[in-house]
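Each chain, letter by letter, is given below.
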Amino acid sequence: QVQLVESGGGLVQAGGSLRLSCAASGRSFSNYAMGWFRQAPGKEREFVACITGGTNTYYADSVKGRFAISRDNGKNTVYLQMNSLKPEDTAVYYCAARWAYWSAFSNDYAYWGQGTQVTVSS
């Protein structure tokens, strides 16, 4: 069992930055691929980024070059550094965990955090 708790969301102006954190409890954190997803009002949940235990990273095209995912296995924490934020990045951001392999599909992830709101004003 893995429990995930996100933090770091908030209100920021367009062009600004935020850093999200996701703290995980449970064993074998380094064996999990960790993903970030987001869901805007009236839209489906979408993939943002993923990092494997081996620190390979994957990004949605919409955030490439602006967002960076990283992890600290010693602290059981994954981060999402978000730069050059745009109003269309406004959403609830969720952290998720999947055993071993990365995926861009939310159905492949077994564990989810409660989400943190990110609002980007124009």
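One can find the structure itself at the top, above this paragraph.
Residues numbered from 1 in each chain as written. Predicted model: local features only at pLDDT ≥ 70, side-chain atom pairs only at ≥ 80, totals over all residues. Heavy atoms only, no water.

A. Examining the pairing of strand β7 (residues 67-72) more closely. Every second residue of β7 is oriented toward a common face, the buried set being Phe67, Ile69 and Arg71 and the non-buried set Ala68, Ser70 and Asp72. One ladder, built from six bridges, connects β7 with strand β8 (residues 77-82); its direction is antiparallel. Within β8, the residue paired with alanine 68 across the bridge is glutamine 81. The hairpin formed by β7 and β8 contains four residues between the paired strands, and asparagine 76 there has a positive phi angle of roughly 50 degrees. (Buried < 20%, exposed > 50% of the residue type's maximum accessible area, 1.4 Å probe, protein only. Helix = DSSP H or I, 4+ residues; strand = E, 2+ residues; numbered from the N terminus. Pairing = 2+ DSSP bridges.)

B. The sheet that holds strand β3 (residues 18-25), seen in detail. Taken in spatial order, the four strands line up as β1-β3-β8-β7 in an open sheet, and their pairing is antiparallel. The open sheet has two edge strands, β1 (3-7) and β7, and neither has a second partner. The mean angle between the axes of side-by-side strands here comes to 15 degrees, regardless of whether they run parallel or antiparallel. As defined by bridge partners, β3 adjoins β8 across six bridges and the pair is classed as antiparallel. Following the sheet pairing, cysteine 22 is matched in β8 by valine 78. (Axes fitted to C-alpha atoms, helices over the stretch in contact; angles between N-to-C directions.)

C. A look at unusual backbone geometry. In the Ramachandran plot, asparagine 76 falls in the positive-phi region, its phi being about 50 degrees despite a non-glycine side chain. Assignment of secondary structure puts asparagine 76 in the loop between β7 and β8.

D. Representation of the state of the cysteines. The tally for this structure, following the rule as stated, stands at one disulfide. Here cysteine 22 is linked by a disulfide to cysteine 95, with a sulfur-sulfur distance of 2.1 Å. In this structure, the disulfide formed by cysteine 22 and cysteine 95 twists by about -80 degrees around the S-S bond and is classed as left-handed. Of the two residues, cysteine 22 is situated in strand β3 and cysteine 95 in strand β9 (residues 91-99); the sequence distance between them amounts to 73 residues. Note on accessibility: cysteine 22 and cysteine 95 belong to one class, buried. (Disulfide = S-S within 2.5 Å.)

E. Quick look at the packing of aromatic side chains. Taken as a whole and assessed by the stated rule, the structure comprises nine aromatic pairs. Relative to tyrosine 109, the ring of phenylalanine 37 lies with its centre 5.1 Å away and its plane at 75 degrees, an arrangement referred to as edge-to-face. A residue pair is termed long-range when its members are at least 10 positions apart, and phenylalanine 37 in strand β4 (residues 32-39) and tyrosine 109 in the loop between β9 and β10 (111-112) qualify at 72 residues. Here phenylalanine 37 falls in the buried class, since its relative accessible area comes to 1%. Overall, the relative accessible area of 5% leaves tyrosine 109 in the buried class. Aromatic rings pair up to connect Phe37, Phe47, Tyr58, Tyr94, Trp102, Tyr109 and Trp112 into one cluster. Above the ring of tyrosine 79, the side-chain terminus of arginine 19 is found at 4.0 Å from the ring centroid. (Phe/Tyr/Trp six-rings, centres within 6.5 Å; stacked < 30°, edge-to-face > 60°. Lys NZ or Arg CZ within 6 Å of the ring centre and 35° of its normal.)

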